[in-house]
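Listed below, chain by chain, are the residues.
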Amino acid sequence: MRRTLFNEDHEAFRETIRAFIEAEVVPGYDEWLAAGQAPRDFYYKLAELGVFGIRVDEEFGGAGIDSYKFEAVLYEETARAGITFGGSGVHVLLGLPYIKLLASDEQKKRFLPKFVSGEEMWAIAMTEPGTGSDLAGMRTTAKLSEDGTHYVLNGAKTFITGGVHADRMIVCARTAAPTAEDRRHGISLFVVDTKAEGYSIGRKLDKLGLKTSDTAELAFVDVKVPVEDLLGEENRGFYYLGHNLASERWGIAYGAYAQAKAAVRFAKDYVQQRTVFGQTVASFQNTKFELAACQAEVDAAEAVADRATEALDAGELTPAEAASAKLFCTEVAHRVIDRCLQLHGGYGFMNEYPIARLYADNRVNRIYGGTSEIMKSIIAKDMGL
């Protein structure tokens, strides 16, 4: 079946990104892994390439292309190369939708030019110790000062991807107590300058995978946030979070599909070269059957991922559809990558092989952005169950 998701512009972008990865990422990637993060100047290189400004209006230095398809190309090309772009995905996929949806004209003029140039990297702080997916249970507070000029932020966050390099952090905090009718009431979003007094970065967390993306614990002690940096309306934060979860879950779904596709490529290349008992591993019937089954699953995931992309671009991707895409693609990727690693034998367990890193990187897809169990709950509710 002919794929129709991409056009000539997307394929030209793909060629540019592929060449960029070979020249700027692959040679030093082992150093990134050892350091546990991508170097800060790498994000300036991505900015120069125009990656951060694709969906940003031209008046703020972007390309003004209202489409996620270029980001889809990025997912495919990074997976194909067995690398990641550090915390840049959080900057674009998570940070930008909040600015575009909620920022005032004055805020956009302040924030977006530096967002596009990479001068200010963005991340979002939702999860707290002890709350996990239960965002309504957050305890971080933001209290308006007596003179009404600023909020005072206190609390802690954890599992914050991009937390080390971030210059601007979207922080979710309680500005009012939950009500008996709605425990989600009272959450607001703030754009916090990470250089502000009282803002501190705790441990840089040692993760199973995604080693080049910096993930950290954060603490806020009497951090002053100007009222001008409230994002959207006070107490409507939970609604905003829910609105943007569809694009976040699309990104996880598409990234998982791309990883599964890359795993089949890695395994196919390996079994055609590796010989045992005097013949290539590819010549055994079991190998052929395993890879054929994996390819069929990848084909199905591609169809789901492409359909979700088209719906997202059209503004029609519902929360339940996004949950379904995330559930399906991440579960497919889990099965496919595991089977492809098995075909590598003992070498599949060695980190020098991309399949091993892919196995570790993929595991979190069924957890962050809402666990697979949460996705099932959303889908079931949409079914009227």
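In this report, the structure presented in the accompanying data block is examined.

Analysis parameters
- All residue numbers refer to positions counted from 1 along the written sequence of the respective chain.
- Per-residue local features are limited, in this predicted model, to residues with pLDDT of at least 70; the limit for side-chain atom pairs, both in listing and counting, is 80 or more; totals at the level of whole chains, interfaces and linings are taken over all residues.
- In computing side-chain properties, one takes all heavy atoms of the structure into account and sets aside hydrogens as well as water.
- A pair of strands is considered paired only if DSSP assigns at least 2 bridges between the two.
- Helix and strand assignments follow DSSP, with helices taken as H or I runs no shorter than four residues and strands as E runs no shorter than two, numbered in order from the N terminus.
- Patch membership requires more than 30% relative accessible area and the absence of a salt bridge. Residues of like charge join within 9 Å; the nonpolar side chains Val, Leu, Ile, Met, Phe, Trp and Tyr join within 5 Å.
- Note on areas: Shrake-Rupley with a 1.4 Å probe; residue coverage comes only from the protein chains shown.
- Take a side-chain nitrogen of Lys or Arg and a carboxyl oxygen of Asp or Glu: if they are within 4 Å of each other, that pair is a salt bridge.
- Between buried and exposed lies partly exposed: a residue is buried under 20% and exposed over 50% of the maximum accessible area for its type, with that area taken using a 1.4 Å probe on protein chains only.
- Pairing of aromatic side chains requires ring centres within 6.5 Å, counting the rings of Phe and Tyr and the six-membered ring of Trp. Pairs whose planes differ by under 30 degrees are stacked, by over 60 edge-to-face, and all others tilted.
- Charge over a ring is defined by NZ of Lys or CZ of Arg lying within 6 Å of the ring centre and within 35 degrees of the ring normal.
- Interaxial angles span 0 to 180 degrees and are taken between N-to-C directions of axes, which are lines fitted to C-alpha atoms, for helices over the stretch in contact.
- The scheme is simple: roughly parallel for angles under 35 degrees, roughly antiparallel for over 145, roughly perpendicular for 65 to 115, oblique for anything else.
- Two helices crossing with the near one rotated counterclockwise from the far one by less than a right angle form a left-handed crossing, whereas a clockwise rotation gives a right-handed crossing.
- Any pair of residues with heavy atoms lying within 4.5 Å of one another is described as a contacting pair.
- Cavities and pockets were defined on a 1 Å grid built over protein atoms only: a cavity is a set of grid points that admits a 1.4 Å probe from which the probe cannot escape, a pocket is an open set flanked by protein on both sides within 12 Å along at least five of seven lines, and lining residues are those with an atom within 4 Å of any such point.
- Grid points are joined across faces, edges and corners, and a volume is the space filled by probe spheres set on the points.
- All residues other than Ala, Val, Leu, Ile, Met, Phe, Trp, Tyr, Cys, Pro, Asp, Glu, Lys and Arg, Gly among them, are scored as polar; the first ten of these are nonpolar and the last four charged.

## Re the pairing of strand S2 (residues 141-144)
Bridge count for S2 against strand S3 (residues 150-161) is four bridges, and the pairing is antiparallel. Among the inter-strand pairings, Thr 141 is bridged to a residue of S3, identified as Asn 154. Between S2 and S3, which pair antiparallel in sequence order, lie five residues; one of them, Gly 148, sits at a positive phi of approximately 75°.

## A short note on a nonpolar patch on the surface
Together, Tyr 347, Phe 349 and Met 350 line one region of the surface with nonpolar side chains, adding up to about 350 Å² of accessible area. By the element assignment, Tyr 347 lies in the loop between helix H9 (319-343) and helix H10 (354-362). The exposure class of Tyr 347 is partly exposed, given its relative accessible area of 37%.

## Concerning the packing of aromatic side chains
Summed over all chains, the structure comprises 20 aromatic pairs. Taking the centre distance of 5.7 Å and the plane angle of 50° together, the rings of Tyr 29 and Trp 32 count as tilted. Taken together, the residues Tyr 29 and Trp 32, both in helix H2 (residues 29-35) and three residues apart, mark about one turn of the helix. Like Tyr 29, the residue Trp 32 is buried in the burial classification. Three or more aromatic residues joined by ring pairs form one cluster here, namely Phe 20, Tyr 29, Trp 32, Phe 42, Tyr 43 and Phe 85. If you follow Arg 55 out to its NZ or CZ, it ends over the ring of Tyr 68, 3.9 Å from the centre.

## Points about unusual backbone geometry
Phi at Leu 210 takes a positive value of approximately 50°, unusual for a residue other than glycine. Its location among the elements puts Leu 210 in the loop between strand S6 (199-204) and strand S7 (215-226). Residue Phe 277 is not a glycine yet carries a positive backbone phi of 50°. Classification of Phe 277 by relative accessible area gives exposed; the value is 80%.

## Overview of the packing of helix H5 (residues 88-102) against helix H6 (residues 105-117)
Their axes nearest at 10 Å, the elements H5 and H6 cross at an angle of 160°. Taken together, the axes of H5 and H6 lie roughly antiparallel to each other. Handedness of the crossing formed by H5 with H6: left-handed. Only Gln 107, Lys 108, Leu 112 and Phe 115 of H6 make contact with H5, whose side of the interface consists of His 91, Val 92, Leu 96, Ile 99, Lys 100 and Leu 102.

## Overview of empty space enclosed by the protein
For the coordinates displayed, the defined rule picks out one cavity of 30 Å³ or more. In this structure, the largest cavity encloses a volume near 40 Å³. Lining the largest cavity we find Tyr 43, Gly 87, Met 121, Trp 122, Ala 123, Gly 162, His 165, Ala 166 and Asp 214. Each residue belonging to the lining of the largest cavity can be placed in one class, and the counts come to five nonpolar, three polar and one charged.

## Let's talk about the packing of H5 against helix H7 (residues 237-273)
When two helices pack together, their arrangement is given by the angle between the helix axes and by the axis-to-axis distance. Look at H5 against H7: their axes get within 10 Å of each other, and the N-to-C directions meet at 140°. The crossing of H5 and H7 is right-handed. Judged by residue contacts, Leu 93, Leu 94, Pro 97, Tyr 98, Leu 101 and Leu 102 of H5 engage Tyr 240, Leu 241, His 243, Asn 244, Ser 247, Glu 248, Trp 250 and Gly 251 from H7. For the contact of H5 with H7, the per-class residue count stands at nine nonpolar, four polar and one charged.

The values reported here are purely geometric and, on their own, carry no functional implication.
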